[in-house]
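# Structural overview for review
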Amino acid sequence: MQIHFHGAAGDVTGAAFQLTTDRASVLVDCGLYQGKRQTVAKNRQIPMLARRHVDAVVVTHAHLDHIGRLPFLTKRGYTGPIFGTQPTFDLGKVIMRDAIRLQLGDLERENRHRKRERKPLLEPLYDETDVERLGALLQPVRYGDRVEIAPGVSARFVDAGHILGSASIEFTVEEDGAERTVVFSGDLGPRGAPLLADPVPFELADVVLMESTYGDRNHRSLQETAIEAREIIARAVEAKAKILVPVFAIGRTQLLLYLLASAFQRQTLPRFPVYVDSPMAIEATRIYGQNTEIFDTEAKAMLDSGELQRNLESVRPSSSVEESRALNQVAGPCMIMAGSGMCSGGRILHHLRHNLGHPTTAVLMVGYQSPGSLGRRLLDGEKRVNIFGERVTVRASVHTLGGFSAHAGQDDLVHWFASMAAARPELILAHGEDRARQALSQRIESEHGIRARCPELGDVIEV
Ligand SMILES: [Zn+2]
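Here the structure is a predicted model, which means the values were calculated and not measured.

## Remarks on the overall build of the protein chain
- Looking only at helices and strands, the protein chain features 16 helices and 21 strands.
- A compact globule built from 463 residues should have a C-alpha radius of gyration of about 23 Å, and the protein chain, at 23 Å, falls within 12% of that.
- With the C-alpha coordinates aligned to their principal axes, the bounding extent of the protein chain is approximately 70 × 60 × 40 Å.
- Contacts spanning at least 24 positions in sequence make up 73% of the contacts within the protein chain whose residues lie at least 6 apart.
- About 20100 Å² of surface is accessible on the protein chain, with carbon and sulfur atoms providing 50% of the total.

Next up, the structure:
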């Protein structure tokens, strides 16, 4: 049995791993590369189809860096089944549509560049039709069920606690009359986080392929972060101010709504209007609402008692551009959640332009802000920024809240692996920068005496 690394080997995007036996070839995830221009250029390569036939594709969760190349795969002729959970497919559709829109912007820039260099212009990676074509191939799998996916390969999906519908996958692989268990972690969520259940542990494995995104550090505790957030929000509400939260549509928006509902219920915050100013976030929240059976016990209890619905009554979706613009006239206190998460585009920009000049405005950064992004410049304390070509003076307070990550930190990753350590599996670390996976590898070796392999892009590992 071999594993080919077509992405997320030594970095964190473009996840695509191909498991091959003498009878079958299974692709686990088919994600988009994100980031620098050279990295993104790799999206146009589909090496998994070049080598041999792919019998089945299995997807762990709906993030673009795990599913974003799927339509390109079908565009290049793949017609086999795609296995994943139903929420992954539902959220995936929302994410891929948004990706098409974003890609068109990137492509325009790239083609301007190419025109200057007299290089041939590029076509879009894929379009709506290619996303629609995926529909016929999707095979929804429920947590816990075991399904035959390819000759001699079956798969069992369990909750990975990362985003709604996320899964770790246990493959049972039959080769030369022997059966072996291969576990793919997918992206793992943190333990003890609200709303979603904790990652489900495995006991037995012969081979483990594990993510290592935060293999070198632990996040600030969510409890501390929630207390800090509550204090900032309480002050802003007292001052009748606007609270602006740049968010990514899936995951953190729903986590924040849940935390607000809990705070309203316990009366640690007074109720105030919360605007979800993003059609994508509204759609993602609706999909969360359709899948409440996979919420954690506390969230389910709050839902069953009707408290969750009651405490979310002050949440108002704002879908249209007109509704979004009308928020400029709304008086505080209120919270506006809008994309993009790093303030690099989207509706958050017009809210920032309108409100950064007010000293009472509070901006809450709840996700990673990449260097150079407007979000990072605000966090770094820049007092004048450019928005839509206009100089805006920053008088608002800008806060960063570090504990809302959807990823397991080092302790949680080690804990997840520990349940299988007694079986002495072969360990492979992927989906992490080298510094992170080296740190994780050293810690696992010192605690469990198991040395991990750290493959590079394009490597093929015999297991
Ligand atoms: Zn993810």
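After that view of the structure, there is still more to cover.
## Examining the pattern of salt bridges
- On inspection of all chains with the given rule, the structure shows 27 salt bridges.
- Put simply, glutamate 170 and arginine 156 hold a salt bridge, and the shortest N to O gap is 3.0 Å. Here arginine 156 lies in strand 8 (residues 153-159) and glutamate 170 lies in strand 9 (residues 167-175), a separation of 14 residues in the sequence.
- We classify arginine 156 as partly exposed; its relative accessible area is 24%.
- Salt-bridge contacts for aspartate 412 lead to arginine 191; the nearest nitrogen and oxygen are separated by 3.0 Å. Highlighted residues: aspartate 412 in helix 15 (residues 410-421) and arginine 191 in the loop between strand 10 (178-184) and strand 11 (207-211), separated in sequence by 221 residues.
- Among the residues examined, aspartate 412 registers a relative accessible area of 16% and is labelled buried.
- Salt bridges here are not isolated pairs; linked through shared partners, they connect Arg97, Glu128 and Glu132.

## Remarks on the coordination of the zinc ion
- Coordination of the zinc ion by the protein comes from His61 (NE2), His63 (ND1), His162 (NE2) and Asp187 (OD), over a distance range of 2.2 to 2.4 Å.
- The sequence pattern describing where the donors of the zinc ion fall on their chain is H-x1-H-x98-H-x24-D.

## So, the sheet that holds strand 19 (residues 397-400)
- The 6 strands lie next to each other as 14-13-15-12-16-19, forming an open sheet whose pairing is parallel. Only two strands of the sheet have a single partner each, and these edge strands are strand 14 (315-317) and strand 19. This sheet shows a mean twist of 20 degrees between the axes of neighbouring strands, independent of strand direction.
- Contacts from helix 13 (residues 348-355) reach strand 12 (242-246), strand 15 (334-338) and strand 16 (362-365), with the element oriented near 145 degrees to strand 12.

## Observations regarding the pairing of strand 3 (residues 25-28)
- The side-chain alternation of strand 3 yields two buried faces, one formed by Ser25 and Leu27 and the other by Val26 and Val28.
- Hairpin connection between strand 2 (residues 17-20) and strand 3: a loop of 4 residues separates the two successive antiparallel strands.
- Relative to strand 4 (residues 56-58), strand 3 is paired through 3 bridges, and the arrangement is parallel. By the bridge assignment for strand 4, leucine 27 is matched with valine 57.

## Here we look at the environment of isoleucine 250
- Take isoleucine 250: it is sitting in the loop between strand 12 and helix 8 (252-265).
- Here isoleucine 250 falls in the buried class, since its relative accessible area comes to 10%.
- Between the alpha carbons of isoleucine 250 and serine 397 there is a distance of 25 Å; along the sequence they are 147 residues apart.
- Not counting the four nearest positions on each side in its chain, isoleucine 250 is found in contact with Leu91, Ile95, Ile163, Ala284 and Tyr288.

Rules of the game
Residues numbered from 1 in each chain as written. Predicted model: local features only at pLDDT ≥ 70, side-chain atom pairs only at ≥ 80, totals over all residues. Heavy atoms only, no water. Helix = DSSP H or I, 4+ residues; strand = E, 2+ residues; numbered from the N terminus. Rg over C-alpha atoms; globule rule 2.2 N^0.38 Å. Contact = heavy atoms within 4.5 Å. Areas by Shrake-Rupley, 256 points an atom, 1.4 Å probe, with all protein chains shown as cover. Salt bridge = Lys/Arg side-chain N within 4 Å of Asp/Glu carboxyl O. Buried < 20%, exposed > 50% of the residue type's maximum accessible area, 1.4 Å probe, protein only. Donors = N, O, S within 2.8 Å, 3.2 Å for Na, K, Ca; no water. Pairing = 2+ DSSP bridges. Axes fitted to C-alpha atoms, helices over the stretch in contact; angles between N-to-C directions.

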